[in-house]
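If you want the building blocks of each chain, they are given just below.
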Amino acid sequence: QMQLVESGGGLVQAGGSLRLSCAASGRTFSNYVMGWFRQAPGKEREFVAHITRNGGSTYYADSVKGRFTISRDNAENTAYLQMNSLKPEDTAVYYCAASAASHTYYPVTYYYTVRGFQYWGQGTQVTVSS
């Protein structure tokens, strides 16, 4: 079993920045694709970004491209989401997720879906005020 714990959420004004962290334990972190999803009230959980096992490739939802950056530190077993130029529509609970599925066997689009990830954190609230 892999445990994921998010931190770094909070209240920020529009245009501001936040950095989310996801600390992993219980499994070999570098064997997992890491992703970030978010869920706003009354909406389905949606893909934000994901990063390959070695950090060599990153993928983003169009809504955050150019503003958010996903990264990972395999030595520290931690994934990050740097969020800049935040907008009120970014308000949501943000979830960290891990996938044991390899890019060798699955298309990139597989990781844009909730079912592509097997382990989830408890979420951290991000609220952007206008």
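Residue positions are given per chain, counting from 1 as you read along its sequence in written order. Only residues with pLDDT of at least 70 are given local features in this predicted model, and only at 80 or more are side-chain atom pairs given and counted; all residues enter the totals for whole chains, interfaces and linings. Side-chain figures throughout are based on the complete set of non-hydrogen atoms in the structure, without hydrogens or water.

### Considering the sheet that holds strand β3 (residues 18–25)
For two strands to be treated as a pair, DSSP must find no fewer than two bridges joining them. Helix numbers and strand numbers start at the N terminus; a helix is a DSSP run of H or I with at least 4 residues, a strand a run of E with at least 2. As summarised here, the arrangement of the 4 strands in space is β1-β3-β8-β7, forming an open sheet in which the pairing is antiparallel. Both outer strands of the open sheet, β1 (3–7) and β7 (68–73), are each paired with one neighbouring strand and no more. When strand polarity is set aside, the average angle formed by the axes of neighbouring strands in this sheet is 15°. Pairing between β7 and strand β8 (residues 78–83): 6 bridges, direction antiparallel. Each residue of the ladder has a partner; that of I70, found in β8, is L81. To define axes, lines are fitted to C-alpha atoms, for helices over the stretch in contact only, and angles between the resulting N-to-C directions are given on a 0 to 180 degree scale.

### Looking at the packing of aromatic side chains
Pairing of aromatic rings covers Phe, Tyr and Trp, the last through its six-membered ring, and needs centres within 6.5 Å; plane angles under 30 degrees mean stacked, over 60 mean edge-to-face, and all others mean tilted. Under the criterion given, the structure shown has 9 aromatic pairs. The interplanar angle of 75° and the centroid separation of 6.1 Å between the aromatic rings of Y111 and F117 together place this pair among those described as edge-to-face. Across the pair, exposure class does not vary: Y111 and F117 are buried alike. Among the aromatic residues, those joined into a ring-pair cluster are F37, F47, Y106, Y110, Y111, Y112, F117 and W120. Counted as over-ring charges are cases with an Arg CZ or a Lys NZ within 6 Å of the ring centre that also lie within 35 degrees of the ring normal. Against the face of Y80 rests R19, its NZ or CZ located 4.0 Å from the ring centre. Burial here depends on accessible area, computed with a 1.4 Å probe over protein chains only, as a share of the maximum for the residue type. Under 20% is buried, over 50% is exposed, and the range in between is partly exposed.

### Focus: the state of the cysteines
Any two cysteine sulfur atoms lying within 2.5 Å of each other are counted as a disulfide. Applying the stated criterion to the full structure yields 1 disulfide. The disulfide partner of C22 is C96, and the S-S distance across this bridge is 2.0 Å. Across the disulfide from C22 to C96, rotation about the S-S bond amounts to roughly -75°, and the bridge is consequently left-handed. One end of the pair, C22, is in strand β3; the other, C96, is in strand β9 (residues 92–99), and 74 residues separate them in sequence. By relative accessible area, C22 is classed as buried at 0%.

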